[in-house]
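Structure at a glance
One letter stands for each residue in the lines below.
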Amino acid sequence: MTRGQTSTVAPKNQARDNREARERLRLYEARQGLHQRQRRRRVRDNLVGIVTLVVVAALATGSQLVFAGTRSDTPDRAGASASASATATPTPSADATPANTGDVPSKSIAENATWTGTLTLHKDVRLGIELDGARAPQAASVEIDLIRKQFYEGTTCHRLADSADFRFLQCGSANGDGTGDAGFQYGPIENTPSDDVYKAGTIAIARSSSTSSQSTQFFIVYGDTTLDGSTGGYTVVGKVTSGLDELESQITSKGIADPGSDGTGEPKVKTTITGATIKREQ
């Protein structure tokens with residue numbers, strides 16, 4: 001090499017630095033590629049998650065819409081057509097694992113005994129009642145507990161049926177409109193009639209589709225009534241022993257304010273439970 005010429009060969013330490021720089025660049029680009037792939041995967045997974053949530057929400061909404069047409073805890077008339085059942089009172093499937101929820105009163109309260117008491121409506125209609133702690137120990141125990149705690153006082157009877165073979169007054173919802181409970185729901189169904197006919201004077205426990213959905217609502221049958229027993233029927237917890245004539249003359253005979261598609265609705269005479277008593281027969 002002559003004086004004045006410039007070397008084109010990098011010094012050894014510069015070559016090493018260049019190799020390290022290229023390696024750092026390669027690693028940087030590799031990391032960037034990995035981050036981009038991970039970011040794309042996260043975006044994809046988020047989209048899948050969102051779509052899944054939307055589908056689940058849609059299905060849940062659909063389920064709610066199916067049952068929105070039927071007020072919960074209401075007895076269904078037997079013999080309804082298949083099309084009517086699909087729209088107004090869908091036939092529920094049997095629960096795979098029915099279970100109680102909340103703090104259900106112990107079924108030992110009824111003591112396998114007969115309990116008697118009164119149920120007063122509007123301070124004027126006084127019904128004598130009898131609860132069967134032997135045939136319906138769980139339901140009788142719940143009713144005894146609710147009466148003792150004065151749960152029913154001030155609640156309303158929100159639903160009346162007054163057809164020829166479909167005659168009952170439904171009471172006991174916490175919110176006064178067929179909704180609400182005392183914080184628990186229970187089963188099983190007890191003491192149902194074998195022929196699905198609930199005789200005049202029967203006191204039975206209302207429920208919705210589940211066999212463990214009984215709570216605070218009950219209905220008083222004031223004329224022989226046939227109800228659908230295909231999904232388990234309704235627990236007969238007791239009977240009215242006196243005052244049924246007064247119930248008919250002062251409340252049920254006055255009719256329904258605004259009948260729904262099934263012919264039932266709020267009684268024209270707004271009906272409030274003003275008192276309830278219960279005691280064990282000796």
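Calculation criteria
Along each chain, numbering runs from 1 in the same order as the chain's sequence is written. Local features in a predicted model are, by the rule used here, given only for residues with pLDDT of at least 70; side-chain atom pairs are given and counted only at 80 or more, and totals for whole chains, interfaces and linings are based on all residues. Values shown for side chains rest on all heavy atoms present in the structure; no hydrogens or waters enter the calculation. Where helices and strands are cited, they refer to DSSP runs of H or I of at least four residues and of E of at least two residues respectively, numbered from the N terminus. Accessible area is worked out with a 1.4 Å probe on protein chains only. A residue is then buried under 20% of its type maximum, exposed over 50%, and partly exposed in between. Throughout, a residue-residue contact means that at least one pair of heavy atoms, one from each residue, lies within 4.5 Å. Per-residue and other accessible areas follow the Shrake-Rupley method at a 1.4 Å probe size, with only the shown protein chains counted as cover for residues. For two strands to be treated as a pair, DSSP must find at least two bridges joining them. Axes, fitted as lines to C-alpha atoms, cover a helix only where it is in contact. Angles between the N-to-C directions of the axes lie from 0 to 180 degrees. The definitions used throughout rest on a 1 Å grid laid over the protein atoms alone, on which a cavity is an enclosed set of points accommodating a 1.4 Å probe that cannot get out and a pocket is an open set flanked by protein within 12 Å on both sides along at least five of seven lines; lining residues are those having an atom within 4 Å of a point. Grid points are joined across faces, edges and corners, and a volume is the space filled by probe spheres set on the points. Ten residues, namely Ala, Val, Leu, Ile, Met, Phe, Trp, Tyr, Cys and Pro, are considered nonpolar, four, namely Asp, Glu, Lys and Arg, are considered charged, and the remaining ones, Gly among them, are considered polar. One speaks of a salt bridge when a side-chain nitrogen belonging to Lys or Arg is within 4 Å of a carboxyl oxygen belonging to Asp or Glu.

**Observations regarding the overall build of the chain**
- In terms of regular secondary structure, the chain is built from four helices and 10 strands.
- Reading the secondary structure of the chain in the N-to-C direction produces α-α-β-β-α-β-β-β-β-β-β-β-α-β.
- Counting every position in the chain, which comprises 282 residues, the buried fraction comes to 36%.
- Contacts spanning at least 24 positions in sequence make up 74% of the contacts within the chain whose residues lie at least 6 apart.
- When the accessible surface of the chain is totalled, it reaches about 15800 Å², and 51% of it is carbon and sulfur.

**With respect to the environment of Pro98**
- Looking at where Pro98 falls in the secondary structure, it is placed in the loop between helix H2 (82-87) and strand S1 (114-121).
- Judged by its relative accessible area of 43%, Pro98 is partly exposed.
- Residues Pro98 and Thr211, 113 residues apart in the sequence, show an inter-C-alpha distance of 6.7 Å.
- Filtering out sequence-adjacent residues up to four positions away, Pro98 remains in contact with Thr211 and Ser212.

**Brief notes about the sheet that holds strand S4 (residues 166-173)**
- Spatially, S1-S2-S9-S6-S7-S4-S3-S10 is the arrangement adopted by the eight strands of the closed barrel, whose pairing is antiparallel. Adjacent strand axes in the sheet meet at a mean angle of 30 degrees, parallel and antiparallel pairs treated alike.
- In this sheet, strand S10 (residues 271-280) lies alongside S1 in antiparallel orientation, the contact comprising seven bridges. Of the residues in S10, the one forming a bridge with Leu121 is Ile273.
- Helix-sheet contacts for helix H3 (residues 137-148) involve S1, strand S2 (125-132), strand S6 (202-205), strand S7 (218-223), strand S9 (236-242) and S10, and the interaxial angle to S2 is about 140 degrees.

**A short note on empty space enclosed by the protein**
- Inspection of the entire model under this criterion finds one cavity of 30 Å³ or more.
- For the lining of the largest cavity, the secondary-structure elements that each account for two or more residues are S2, H3 and S7.
- When the residues that make up the lining of the largest cavity are grouped by side-chain class, the tally is nine nonpolar, no polar and one charged.

**What to know about the pattern of salt bridges**
- The final tally for this structure, using the stated rule, is five salt bridges.
- For Arg159, the salt bridge goes to Asp262, with nearest N and O atoms at 2.8 Å. With a gap of 103 residues between them, Arg159 in strand S3 (residues 156-163) and Asp262 in the loop between helix H4 (244-250) and S10 connect regions that are remote in the sequence.
- Residue Arg159 is classed as buried on the basis of its relative accessible area, which comes to 6%.
- Classification of Asp262 by relative accessible area gives partly exposed; the value is 35%.
- The salt bridge involving Lys270 is made with Glu266; its shortest N-O contact spans 2.7 Å.

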